[in-house]
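The residues making up each chain are set out below.
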Amino acid sequence: MEKFCRDMPKIELHAHLNGSVSEQTIEKLLKRRAATSSSSSEQHGEAVATGCNIKPGNDLSLDDCFKKFSIIHQLCSDDESVYIITKDVIQEFAADNVKYLELRTGPKCNSTSNMTKSSYLKSVLQAIRDATTVKTSEIIVKLIISIDRAKPLQEAWENLQLAKQFRNFDVGREDMGDVIVGLDLSGHPSTTDVEKFIPVLQAARESSFKLTIHVSEIAGREDECRKLISLRPHRLGHATNLSTHPNQCIDIIQKILIQNIPLEICLTSNLMTSTIADLSSHHLQYWLDKKHQCIICTDDKGMFSTSLSKEFILASTTFNLSKEEVWSMSRNAVEHIFSSEHVKEQLRTMFATFICD
Ligand SMILES: CNc1ncnc2c1ncn2[C@@H]1O[C@H](COP(=O)(O)O)[C@@H](O)[C@H]1O
Ligand SMILES: [Zn+2]
């Protein structure tokens, strides 16, 4: 099964750029910083001492996880490092037989390095172009712009503006349509007052962007989830706590089922952030029993030392899935990508002609 999961073509639809940075790339960035600056040695020390990877078995909280994000953000605070991490992340997904990747990130600025949100985004897009236009590349990469729920509303409007401005940036694959395909709402789930973002998400929808929203990653977020689902998002991230108290959330569960909104499932992430007690109680089983569309994803492969193959292996061992079931979960993700019918058709053909034993 392990070989099968590694060899099988895969579709990754929930991967945060900065959370996907591998240990090797972090080493590379630390060396680069050490070579180019002497004043930031404190930052190196902090990053190295804390370690950017969360090791299995640690008693972690989402707070720890978000502290680590801010360390990675400090390390990737100039255009060149943003370019490096994007290229590396794409190559690592490609090496894991990911054939289509929807990477997501929130544009950032840094006055010390003169990085603007716009230059950040350009660096990401140039790296997508350079990583995917080499002859050996078989991966198609699209971008989703993240709105951080912990940041001010103004930032969300700026992100939408940037998404519109750069949606058809030339990444050398005109036949594949726009490179920016959607918007995401994510960030620390304990921050409240997410309703304020609804008009931005609505406007994004009206501009033909697809929407994916992190919902119910922690308990007690049913009311906000109800409001966000009324936007009719195209996919949902996590939805961890809905099935834990199905009676209180039955209306939400019904909506997800009736509107057929696929769920992006991130097993290791949920386990490591302790938002589930253990894998056997993971909500994937609940939704599979209802024959609902679930997409296996990594969330933050660097942060959680995982890969998409590892997530499929974990799903198959935890929930006793056969090779056929694993294959069809991977194949069916094609139907939920944010790209055009033309791209879907290419991926359908790729799956149909792939020989996997
Ligand atoms: C673990 N569960 C999670 N829940 C919510 N938001 C998460 C997340 N994992 C990652 N992010 C969001 O993605 C950002 C890092 O990527 P970018 O800097 O945008 O590339 C984090 O700062 C957070 O806002
Ligand atoms: Zn996420």
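Residues numbered from 1 in each chain as written. Chains lettered and ligands numbered in written order. Predicted model: local features only at pLDDT ≥ 70, side-chain atom pairs only at ≥ 80, totals over all residues. Heavy atoms only, no water.

Novice: Sorry, what's going on with the site of ligand 1 here?
Specialist: Taken together, 19 residues surround ligand 1, and among them His-73, Thr-105, Lys-108, Glu-217 and Asp-300 come closest. The contact in question runs from a nitrogen atom of ligand 1 to an N or O atom on the side chain of Asp-299, over 3.4 Å. The separation between a nitrogen atom of ligand 1 and a polar side-chain atom of Asp-300 is 2.8 Å. Starting from 520 Å² of accessible surface for ligand 1 in isolation, the protein chains cover 96%. Within the residue set of the shell around ligand 1, elements represented by two or more residues are α4 (62–75) and β2 (98–105). Counting residues per element, the shell around ligand 1 draws most heavily on α4, at three residues. Split into classes, the residues belonging to the shell around ligand 1 amount to four nonpolar, nine polar and six charged. (Near = heavy atom within 4 Å. Polar contact = N/O pair within 3.5 Å; in protein donor to acceptor, adjacent residues only side chain to side chain. Areas by Shrake-Rupley, 256 points an atom, 1.4 Å probe, with all protein chains shown as cover. Helix = DSSP H or I, 4+ residues; strand = E, 2+ residues; numbered from the N terminus. Nonpolar A, V, L, I, M, F, W, Y, C, P; charged D, E, K, R; others polar.)

Novice: Just to check I follow, could you spell out helix α7 (residues 153–166) for this structure?
Specialist: Helical geometry note: an α-helix holds 3.6 residues per turn, so side chains three or four residues apart project in the same direction. Helix length check: α7, at 14 residues, gives a terminal C-alpha distance of 20 Å against a target of 20 Å (1.5 Å per residue), a fit within 8%. Turning to α7, its buried residues are Ala-156, Asn-159, Leu-160, Leu-162, Ala-163 and Phe-166. Looking straight down α7, one finds its buried side chains confined to an arc of 160°; they lie on one side. Exposed residues lying more than 90 degrees from the buried face of α7 are Gln-154 and Gln-165. In this structure, the buried residues of α7 make contact with α6 (117–132), β3 (140–148), β4 (180–186) and α8 (198–206). (Expected span 1.5 Å × (residues − 1). Buried < 20%, exposed > 50% of the residue type's maximum accessible area, 1.4 Å probe, protein only. Arc of directions from axis to C-beta. Contact = heavy atoms within 4.5 Å.)

Novice: Honestly, the coordination of the zinc ion (ligand 2) in this entry has me stumped. Any pointers?
Specialist: Each donor-metal-donor angle in an ideal tetrahedron of four donors is 109.5 degrees, and each such angle in an ideal octahedron of six donors is either 90 or 180 degrees. Distances from the zinc ion (ligand 2) to its protein donors, His-14 (NE2), His-16 (NE2), His-214 (NE2) and Asp-299 (OD), fall within 2.1 to 2.2 Å. Classification of the site at the zinc ion (ligand 2) rests on its four donor atoms, whose angles at the metal span 81 to 168°, yielding the label irregular. (Donors = N, O, S within 2.8 Å, 3.2 Å for Na, K, Ca; no water. Tetrahedral: all angles 85-135°; square planar, octahedral: opposite > 155°, others 65-115°.)

Novice: Just to check I follow, could you spell out the environment of Asn-320 for this structure?
Specialist: With respect to the helices and strands, the residue Asn-320 is situated in the loop between α13 (308–319) and α14 (323–332). For Asn-320 and Ser-309, which are 11 residues apart along the polypeptide, the C-alpha to C-alpha distance reads 16 Å. Excluding residues that lie within four positions of it along the chain, Asn-320 makes contacts with Ala-315 and Glu-325.

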